[in-house]
Amino acid sequence: MNDCENITVTEFYLTPFSTSRIHDILIFTVFLLVYLLAVVGNLIIIVLIYSVPQLHTPMYFFLCNLSSVDVIYVSNILPNMLSIILTEYKMISFSGCITQLYFFMFCAVTENYILASMAYDRYVAICSPLHYLLIMTKKLCLIIAISCLTISAVNSLMLTLLISTLSFCYSHKINHFFCDIIPLLALSSSDTRSMKMIFSIEDVVGSFNFLFILTSYVRIISTVLKIRASSGQLKALSSCSSHIITVLLFYGPSIFMYLKPESGDSKEQDKILSLLYVAVVPMLNPFVYSLRNKDVLGAAGKVAK
């Protein structure tokens, strides 16, 4: 362990996927398309919400924040992964790796908080419709958004600084397509027990957002069931459907990753699951909120005209 103190890590070696060159080209083509769809789709959502006064509501304000984070999310990871597949140059500098880790954690934590904020917005809209405009003011929405960004930025910075203090003297080969927390901890030659405990606490704190979302929807469903008219029930639930789908897409792969048993193919499965929440989910979010939302489709029609 003492021999590691004088070793300075300058770069890491990423190993995206164990496939043939033909499969690499197929993966490159598919995820180049995914990246372009994710960026263009989310930018269209942002432009629509900014341009159309009809969409200047709390729900679409938070959706605009979500789309902005998704653009950063995919742009932080996918271009580097595509470059590795295309050029077969798999090296990433230590500073580049730490920077990528920071933005990955920042986007993941921020999206977690934004989804909880959107759940609260739907809860107030359905459970307290008469007080909605009094509660969900522009000032409150701005405070919530700034708080989400600030907490995520500070929290991610602290965790990234902790990771940057680790020693890596036995191997610099990261068995992943980007600098993620678990592969870096597994690679480190330092004692990571205390750090793993910190990240476990982070996971527990993060799970409170998911519990908050579940609790909000329990209250929402309870309120909807009290509505006598079936048309009223459908209208209330339809206003939540896009958010419910987004929550399932975001939390589903993460929950499955942490609950699945370890196996010989576990590392490759982790890579595939990681691709779902860092690439596929940001690509699908604009489609979920546009194809299932008459307001967004109407706004798109107005802008197109």
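Here the structure is a predicted model, which is why all the values come from computation and not from measurement.

(A) Region of interest: the pattern of salt bridges. This model, assessed by the stated rule, comprises 1 salt bridge. Note that Arg 122 is salt-bridged to Asp 121, the shortest N-O span being 2.9 Å. Taking the relative accessible area as the measure of exposure, Asp 121 reaches 1% and is therefore buried.

(B) Broad picture of the packing of helix α1 (residues 21–51) against helix α2 (residues 58–87). Following both chains from N to C, one finds α1 and α2 inclined at 155 degrees, their axes separated by 9 Å at the closest point. The orientation of α1 relative to α2 falls into the category roughly antiparallel. Relative to α2, the crossing made by α1 is left-handed. Classifying every residue of the contact of α1 with α2 gives 22 nonpolar, 4 polar and 3 charged.

(C) Structural detail: α2. In this model α2 runs 44 Å from its N-terminal to its C-terminal C-alpha over 30 residues, within 8% of the 44 Å that 1.5 Å per residue would give. In the structure, α2 departs most strongly from a straight axis at Ser 75, where the bend amounts to approximately 30 degrees and where the proline Pro 79 lies between one and four residues downstream. Within α2, 21 of the 30 residues are buried, which leaves the element mostly enclosed by the surrounding structure. The positive-phi residue at the C-terminal boundary of α2 is Glu 88, with phi of around 65 degrees.

(D) A look at the state of the cysteines. Per the stated rule, a full pass over the model turns up 1 disulfide. At a sulfur-sulfur separation of 2.0 Å, the disulfide partner of Cys 97 is Cys 179. Looking down the S-S bond of the Cys 97 and Cys 179 bridge, the torsion is -125 degrees, so its handedness is left-handed. On the criterion of sequence distance, the pair formed by Cys 97 in helix α3 (residues 94–127) and Cys 179 in the loop between β3 (173–174) and α6 (181–187) is long-range, its members being 82 residues apart. Distance from the sulfur of Cys 240, which forms no disulfide, to the nearest cysteine sulfur (Cys 127) is 8.7 Å.

(E) Up close: unusual backbone geometry. The backbone of Glu 88 shows a phi angle near 65 degrees, a positive value even though the residue is not glycine. The topology assignment puts Glu 88 in the loop between α2 and β2 (91–93).

(F) Geometry of the nonpolar core. Of all hydrophobic cores here, the largest spans 84 residues; its most connected members are Met 81, Ile 163, Leu 184 and Val 278. Not counting residues up to four positions away in its chain, the partners in contact with Leu 184 are Phe 12, Cys 97, Leu 101, Ile 163, Phe 168, Ile 174 and Cys 179.

(G) Structural context of the UniProt feature "transmembrane region" (unreviewed entry) in the protein chain. When the UniProt feature table is mapped onto this chain numbering, "transmembrane region" (unreviewed entry) sits at residues 25–52, 98–120, 140–163, 204–225, 237–259 and 271–289. With 100% helix and 0% strand, the stretch residues 140–163 has end C-alpha atoms that lie 34 Å from each other. Taken end to end, residues 204–225 is 100% helix and 0% strand, and its first and last C-alpha atoms sit 31 Å apart.

(H) Representation of the packing of aromatic side chains. Going through the model one piece at a time under the given rule, you end up with 12 aromatic pairs. Measuring from centroid to centroid gives 6.4 Å for Tyr 120 and Tyr 123, while their planes differ by 35 degrees, and the two rings are tilted. Of this pair, Tyr 120 and Tyr 123 both sit in helix α3, separated by 3 residues, roughly a single helical turn. The class for Tyr 120 is partly exposed, based on a relative accessible area of 26%. A ring pair is formed by Phe 250 and Tyr 251, whose centres lie 5.0 Å apart and whose planes are at 90 degrees; its orientation type is edge-to-face. The class of Phe 250 is buried, set by a relative accessible area of 7%. By relative accessible area, Tyr 251 is classed as buried at 8%.

Criteria and thresholds
- Residues numbered from 1 in each chain as written.
- Predicted model: local features only at pLDDT ≥ 70, side-chain atom pairs only at ≥ 80, totals over all residues.
- Heavy atoms only, no water.
- Salt bridge = Lys/Arg side-chain N within 4 Å of Asp/Glu carboxyl O.
- Buried < 20%, exposed > 50% of the residue type's maximum accessible area, 1.4 Å probe, protein only.
- Axes fitted to C-alpha atoms, helices over the stretch in contact; angles between N-to-C directions.
- Helix = DSSP H or I, 4+ residues; strand = E, 2+ residues; numbered from the N terminus.
- Parallel < 35°, antiparallel > 145°, perpendicular 65-115°, else oblique.
- Left-handed = near helix turned anticlockwise from the far one by under 90°.
- Nonpolar A, V, L, I, M, F, W, Y, C, P; charged D, E, K, R; others polar.
- Expected span 1.5 Å × (residues − 1).
- Bend = angle between axes of the 7 residues up to and from the residue.
- Disulfide = S-S within 2.5 Å.
- Core = buried A, V, L, I, M, F, W, Y, C linked by side-chain atoms within 4.5 Å.
- Contact = heavy atoms within 4.5 Å.
- UniProt positions renumbered as here; feature names shortened; annotations may be inferred.
- Phe/Tyr/Trp six-rings, centres within 6.5 Å; stacked < 30°, edge-to-face > 60°.

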